[in-house]
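Take a look at the letters that make up each chain.
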Amino acid sequence: MTVRIGVVAFQGAWGEHLRLLERLGTEGFPLRSGPLPEDLAGVVLPGGESTVIGRHLAASGLSAALAAGIDAGLPALGTCAGAILLARRLEGPAPEGRIPRVPFLVRRNAWGGGAPQSGTQRDSFEGVLSWNDGQSSRGVFIRAPRFDEPEEGVTVLARFGEEPVALRWRNLFVAAFHPELDGGGPLHSLFLDACRRFGSNAAVPRRA
Amino acid sequence: MMNLNVHAREERNCGAEGGAGMGGDAAVPREVRCDANASGNGCPGTDDVPCPRVRRGTETLKEGLARMQVGGVIMDVTNAEQARIAESAGAVAVMALDRVPSELRKAGGVARMAAPERILEIREAVSIPVMAKARIGHFVEAQILEALGVDCIDESEVLTPADEEVHIDKHAFSVPFVCGCRNLGEALRRIAEGAAMIRTKGEAGTGNVVEAVRHVRAVARDLRRVLAADGEELVSLARELGVPVAQLLRCREAGRLPVVQFAAGGIATPADAALMMRLGCDGVFVGSGIFTSSDPRRRAEAIVEAVAHYDDPSVLARVSSGIGEAMAGTDVRRLAPEERLQERGV
């Protein structure tokens, strides 16, 4: 069954996310304003600059619409900046428009090893991820955030070394890396499964 | 040339194959994706388990940084306060400079890389990426900028060129580069040299968008020819454009320029920014246009909105209102040939 997935399309790698969804046989479309369409089965918050995407989410009213949808069970995937926008706790100044649901602490640009937010492009890297089902895959980390202190109910899906880099909490998925630059992989299988389940439930009319 | 880059090159190559040295054929891709299928290259990866080695400075990472800027506005700033204004107005990155291009024009003389302390001051002030300009061909300025930890280097015609024949070998760096172009040939030569991002040259410091429009249209016109050409026409087209055939194949595979393409050079209003987006650009650089205007913060916010909602005239009408005076512009036709920055670096 094909499900329709909205990709928040103000700024960042939303085009790569759309192309990846298409390659995975799913219909993606750009999402720039509310209200959410009735048949929406999932939403992607792409990588980019979290302050800029958050600003547009707030100004367009999409932030409130997405928060209501997510609280009603709509699956969401946040990559890099998108993960920052979905994190419940944040080190440093908080961008407006965020949807702080997943209970963990996110630290921006934090792979630099120096002061907070000291990470630069020099610290960007590609490395191998270990998934909790035994798979491994490559992860592309670009000025990436670090994930810390996942609270109860959060599943660590993948680690880089000891560091958690992909998390699931209820209907929400967050990744510090960029699956959209690297063909998707295990995270997209899990996210699309959740979207299909949500989409088939939504065959019964729902109010978000 | 070697000291700074040895580290990056080793990691990029997975300790397996040697990359071409400085001065090697720029058309040969320098990225060596650790190929798990190639036997005997010392890579511990297999078909199922990728190479465990951490790699930095790969083409994926360099072009990926540029992809994260799409739909955004990159603003020229000359101090920490301007950088903070740019960030809070919604810039995706800032370009750290001693002087904005319109001031460089007035000052005359030789325009060089910004002072390191200024770049560091600006980097301290913001969490968004910081870019800085190196002179065309000045690979030592670029190494200094890389050592300072800038996120992207603009090999820029706005500064006085250090080399009138040869551009920087950008494959030799871990940090991504953006370069200007007036047409497809220039764009693809810069990409062949390793640029991870392309921008129009326009005519910087004029507040006049006409040259940026000319350049983005020229790129689009030649791209249509490349996409429509028969396979057997590609070699002569490559010769005509002065680029490697491999670059034309990359364009055909992508159906567009293979890297992110921004507008730059003369953008002064929200309408200018939206025009460049409508013409197919992925985002815009605004140089002198913001901090030489009467209300930089409002203008910066308005241009950010205009880039995100470039195809919605009602939003553009709203954000174009009440933002004060734009910078005074220059008629590009009145510039003497030696004042035209776009002629630098072909």
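Along every chain, residues carry numbers that run from 1 in the direction the sequence is written. The naming scheme follows written order: chains are lettered A onward, ligands numbered 1 onward. In keeping with the predicted nature of the model, local features appear solely for residues at pLDDT of at least 70, side-chain atom pairs appear and are counted solely at 80 or more, and the whole-chain, interface and lining totals rest on all residues. Hydrogens and water are ignored here; the side-chain numbers use all heavy atoms of the structure.

Draft legend 1. Seen up close, the overall build of chain A. Only DSSP runs of H or I covering at least 4 residues are called helices, and only runs of E covering at least 2 are called strands; the numbering of each starts at the N terminus. The number of helices and strands found in chain A is five helices and 12 strands. For 208 residues, the compact-globule estimate of 2.2 N^0.38 gives 17 Å, and chain A sits close to it at 16 Å. Along the first, second and third principal axes, the C-alpha atoms of chain A reach 50 × 40 × 35 Å. A simple rule labels every residue: compare its accessible area, found with a 1.4 Å probe on the protein chains alone, to the largest value its type can have, and call it buried under 20%, exposed over 50%, or partly exposed in between. Expressed as a percentage of its 208 residues, the buried residues of chain A come to 61%. Note on definitions: a residue-residue contact is assigned when non-hydrogen atoms from the two residues lie within 4.5 Å. Taking all contacts inside chain A whose residues are at least 6 apart in sequence as the whole, residues at least 24 apart take part in 64%. As presented, chain A carries roughly 7,600 Å² of accessible surface, and 49% of it is formed by carbon and sulfur atoms. The charge count treats Lys and Arg as positive and Asp and Glu as negative. His and the chain ends do not count. The atom standing in for a charge is NZ when the residue is Lys, CZ when it is Arg, CG when it is Asp and CD when it is Glu. The averaged location of the 21 negative side-chain charges in chain A is 3 Å from the averaged location of its 22 positive side-chain charges. The size measure is the radius of gyration over C-alpha atoms, and the globule rule it meets is 2.2 Å times the number of residues to the 0.38 power. Residue-level accessible areas treat just the shown protein chains as cover; the underlying method is Shrake-Rupley with a 1.4 Å probe.

Draft legend 2. Here's a closer look at the confidence of the model for chain B. Residue and element names in this part refer to chain B. The predictor's confidence in any single residue is recorded as pLDDT, a number from 0 to 100. Looking at chain B as a whole, its pLDDT mean stands at 87, while 85% of the residues score no less than 70. In the model, residues 1–41 has pLDDT below 50 throughout and makes 76 contacts with residues more than four positions away in sequence or in other chains. Two numbers describe this predicted complex: its pTM, 0.89, and its ipTM, 0.94.

Draft legend 3. Examining the sheet that holds strand β2 (residues 27–31) of chain A more closely. Residue and element names in this part refer to chain A. DSSP-based pairing: two strands are paired if at least 2 bridges between them are found. Across the sheet, nine strands lie side by side as β2-β1-β3-β4-β12-β11-β10-β7-β8; this open sheet has mixed pairing. If you trace the sheet from one side to the other, it starts and ends with β2 and β8 (136–141), each paired once. With strand direction ignored, the average angle separating the axes of adjacent strands in the sheet is 25°. Only C-alpha atoms enter the line fits that serve as axes; for helices the fit covers just the stretch in contact. Angles between N-to-C directions range over 0 to 180 degrees.

Draft legend 4. Representation of the nonpolar core. Here, nonpolar core means buried Ala, Val, Leu, Ile, Met, Phe, Trp, Tyr and Cys residues that are tied together by side-chain atoms lying within 4.5 Å of each other. Of all hydrophobic cores here, the largest spans 66 residues; its most connected members are V8, L57, L66, F141, V165 and F177 of chain A. When residues in this core are grouped by element, the largest group, six residues, is from helix α5 (residues 186–201) of chain A. With near-sequence residues (within four places) excluded, L57 of chain A lies in contact with V8, F10, L45, L62, S63, L66, L85 and G97 of chain A. In terms of nonpolar packing, the next biggest core, distinct from the first, is built from 49 residues, I85, V209, A273 and V307 of chain B among them.

Draft legend 5. Up close: helix α3 (residues 62–71) of chain A. For α3 of chain A, a buried count of seven out of 10 residues is recorded, marking the element as mostly surrounded by other parts of the structure. Once α3 of chain A ends, the next one or two residues include G73 of chain A, with phi positive near 110°.

Draft legend 6. Geometry of the packing of helix α3 (residues 80–89) of chain B against helix α13 (residues 296–308) of chain B. Residues and elements named next belong to chain B. Across the interface, α3 lies against α13 with an axial gap of 9 Å and an inter-helix angle of 40°. In terms of crossing hand, the pair formed by α3 and α13 is right-handed. Contacts between α3 and α13 involve I85, S88 and A89 from the former and R297, A300, E301 and V304 from the latter. Taken together, the residues of the contact of α3 with α13 break down into four nonpolar, one polar and two charged. Left-handed is the label given to a crossing in which the near helix is rotated counterclockwise from the far helix by less than a right angle, and right-handed is the label when the rotation is clockwise. Any residue outside Ala, Val, Leu, Ile, Met, Phe, Trp, Tyr, Cys, Pro, Asp, Glu, Lys and Arg is labelled polar, Gly included; the first ten of those are nonpolar and the last four are charged.

Draft legend 7. Structural detail: helix α9 (residues 234–241) of chain B. Residue and element names in this part refer to chain B. All buried positions along α9 are accounted for by L234, L237, A238 and L241. Looking straight down α9, one finds that the buried residues subtend no more than 100° of arc, so they occupy a single side. Looking at α9, the residues exposed on the side facing more than 90 degrees away from the buried face are V235, R239 and E240. Those residues of α9 hidden inside the fold are in contact with α7 (184–192), α8 (210–228) and α10 (245–254). Of the residues one or two after α9, G242 is the one with positive phi, at around 75°. Here the arc refers to the set of directions running from the helix axis out to each C-beta atom.

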